[in-house]
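# Structural overview for review
Below, each chain spelled out in residue letters.
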Amino acid sequence: MKHIITFVLVLSFIWAIDQQEVVAETDQPKIGVLFHGPSNTYTKTKKWSLSNDKAEKLYQLYQSQDFQVSKITENELKSLSELRKYDAIVFPYTVMMNVTERENVKLYVQDGGGAIFAFGTARNESAHMDTVLINDKTPLIYDTLTWIWEWDNLTEVFASRFIDDVQLTNFTVNNTSNKHPILTNSYKELGKTNFSFTNTRPAGDWVEVIEPWNNAISPLLTYTNYSATDKPGTVKKGTTGAAYAVEHGKGRMVYIGFKMYDHITAGKLQSWDKTTGDKEGQVFLKHSLNWVAEPHTTEVKRKYNVSLTQSNVSAYQRASDFVVYSTVSVENKGNVPARGTIHVDVLDSNDQIIATTKKMYLPGLSPDKSSYRIRNEKFQLSLPKKLTNGTYTIKAIFTEGRKDRTGIAQQIPVVASTKIFKKVSSSNYAVIGEVPFFPDVSKSNAAYQDMLSLYQLGIIKGSKGKFYPTGTLSRVQATEMILRSLGINASDSATMSVTDMKKGDYGYSVLATGVRYGIIEPQNGKINAFQPMNRDVMAKAIVKGFKLQGISDHNFKDISPTHPYYKEITTLYTRGITTGFTVDNTYRPNDTVTRQQFASFINRALH
């Protein structure tokens, strides 16, 4: 009997240990290593070592380090919800992501995902490739000024500008002296405080150089020496970063600008000849993955903030015409890059455009203190010589984005600056003034700047000279504001199948156009045009209109996953468009939306 009891106890002990191992394995972060088909085809086309060989080496390395690691493909990049299944994703030499993939990767990191970018993702080679390989017509890095700016690559996630590809011969990479956890944990495991990587291959190798926006980005490794380079002014010995730790949104990432995987051995995959740093590279990559994947509460919030002002405005009669001059200053006051166009319109008293300038493309506004942060441009508009007396508006507009290479516009006006001039027959010079704002909107109102910005953009109009900020917003008014924000005109050809409106009724074309774009939808066969807009329906309208994505673990007390607009409400929260009611962590979906609240929501969506 004693032996039986002992045997049972031993079995119980073994079972308990097994269960602990299961729990421990389950608690491990889930890691994906990307095997990217288009990037692999690209490297094969170039007759280089295949990108999937790099991925295989890192996959085997992380397997040997007991990470819960899976192989993933570009299919996962097509869905933000698929990416969210992983605590961290490793991107080895991924140079061919299309616009959808890159956008999802950005949002994945912003929403809390971890990433390691191991050489190649700071640029996008699809600008040089046939569209059979990758269907991406967006303006890419090679289309723009000095490669600093691009349309939708990963500059924002890196919090850095991409400078250039640089060839280095006989180069050395060393760790920096900062106290970042990746380094301190690597020092502890290696038993030393100094480690380096060398590449003495006669042909040298290519490295990528990026330049952080601010000092908050932690350089982990630097290029400390080299014997030759094709671009001497680009790499500064002991200063130029070779690897960085970056926090962006709720996520973390490590960017590595040289081919670290060539320095390491994993399984049967050997390091390249003439390279050193095998053990150091393995340990560095291990603690990099630990850092990006570990739970954390820190957040570096994305702040898009572009200001626009007009100065030196004048309008006067000339011999041949009536001329308007304006100097427009656009400045990036946020922490993410902005890119787009500026132009100036002149509108008559009926808000009809009577003159406009050509759109001027800005190669980029940086979020640092460099000369690329601000742009000043002078504009001239010629009006008819016999311009009718009256009051006119001079509107300068900054539009985010630009046309892609198919000619399709992907642009939204986000900020405007307005002035007025009054022309009278008794003087050749018009009087320049400020555009009057709604008298019932106080500067002390928390939503004042949101309402002012939308007013200057022409998104809100008011009624009888007032805005009625605390008034109820109807469904047709909300739909109209979203359409104006997106630059979509109500279409007379749009139709909808409802019982409470017919074609020709006031607001029909607005709502029918809204239905066409998924902004609004009938309720039990009715569109309920003049009923108040509720907060749950508002969430769907904004998410669908602006095509927003976002996934959050935050749960409002009064919104369950079964709510029909749960996904849209969560998206608004993730993108920072709503915080809900923090006093009790509720969203209050059935509450109506006031006019000033909706103005705030729209302005946040624009940004």
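Residues numbered from 1 in each chain as written. Predicted model: local features only at pLDDT ≥ 70, side-chain atom pairs only at ≥ 80, totals over all residues. Heavy atoms only, no water.

On to the overall build of the protein chain, then. Assigned secondary structure in the protein chain consists of 15 helices and 22 strands. Counting across all 607 residues of the protein chain, residues that qualify as buried make up 54%. In the protein chain, the share of contacts with a sequence separation of at least 24, taken over all contacts with a separation of at least 6, comes to 72%. Only carbon and sulfur atoms are counted for the fraction: they give 50% of the accessible area of the protein chain, which is about 28,000 Å². (Helix = DSSP H or I, 4+ residues; strand = E, 2+ residues; numbered from the N terminus. Buried < 20%, exposed > 50% of the residue type's maximum accessible area, 1.4 Å probe, protein only. Contact = heavy atoms within 4.5 Å. Areas by Shrake-Rupley, 256 points an atom, 1.4 Å probe, with all protein chains shown as cover.)

Where helix H11 (residues 475-486) contacts helix H15 (residues 595-606), the two axes come as close as 11 Å, and the packing angle between them is 25°. Taken together, the axes of H11 and H15 are roughly parallel relative to one another. The two elements H11 and H15 cross, and the hand of that crossing is right-handed. On H15, the residues that touch Gln477, Ala478, Met481, Ile482 and Ser485 of H11 are Arg595, Phe598, Ala599, Ile602 and Leu606. For the contact of H11 with H15, a count of residues per class yields seven nonpolar, two polar and one charged. (Axes fitted to C-alpha atoms, helices over the stretch in contact; angles between N-to-C directions. Parallel < 35°, antiparallel > 145°, perpendicular 65-115°, else oblique. Left-handed = near helix turned anticlockwise from the far one by under 90°. Nonpolar A, V, L, I, M, F, W, Y, C, P; charged D, E, K, R; others polar.)

Read across the sheet, three strands follow the order E8-E5-E10 without closing on themselves; strand pairing throughout is antiparallel. Two strands bound the open sheet, and with one partner strand each, they are strand E8 (205-212) and strand E10 (228-229). Bridge count for strand E5 (residues 160-169) against E8 is eight bridges, and the pairing is antiparallel. Note on E8: the bridge partner recorded for Gln167 is Trp206. (Pairing = 2+ DSSP bridges.)

Turning our attention to the packing of aromatic side chains. A ring pair, where both rings are aromatic, is described by two values, the distance of the centres and the angle of the planes. Throughout the structure, instances matching the rule amount to 24 aromatic pairs. Ring centres of Phe556 and Tyr573 lie 5.6 Å apart, and the angle between their planes is 85°; this geometry places the pair in the edge-to-face category. Linking Phe556 in the loop between helix H13 (535-546) and helix H14 (566-574) with Tyr573 in helix H14, this pair joins segments that are 17 residues apart in sequence. Classification of Phe556 by relative accessible area gives buried; the value is 6%. Site record: aromatic cluster; members linked through ring pairs are Phe171, Tyr187, Phe195, Phe197, Tyr223 and Phe258. Over the face of the ring belonging to Tyr226 we find Lys237, whose NZ or CZ atom lies 4.8 Å from the ring centre. (Phe/Tyr/Trp six-rings, centres within 6.5 Å; stacked < 30°, edge-to-face > 60°. Lys NZ or Arg CZ within 6 Å of the ring centre and 35° of its normal.)

The next point concerns the pattern of salt bridges. In this structure the tally under the stated criterion is 26 salt bridges. Between Glu82 and Lys85 there is a salt bridge, and its shortest N-O distance comes to 2.8 Å. A relative accessible area of 45% places Lys85 in the partly exposed class. Residue Asp505 is joined to Lys502 by a salt bridge in which the shortest nitrogen-to-oxygen separation is 3.4 Å. For Lys502, a relative accessible area of 56% translates into the label exposed. The network of salt bridges with common partners includes Arg161, Glu211 and Asp368. (Salt bridge = Lys/Arg side-chain N within 4 Å of Asp/Glu carboxyl O.)

The predicted model of the protein chain has a mean per-residue pLDDT of 90, with 90% of residues at 70 or higher. Contacts of residues 5-25 to residues separated by more than four positions or lying in other chains number one contact, the stretch itself having pLDDT below 50. A low-confidence stretch, residues 141-151 stays under pLDDT 50, and its non-local contacts, those more than four residues away or across chains, total 46 contacts. (pLDDT = per-residue confidence, 0-100.)

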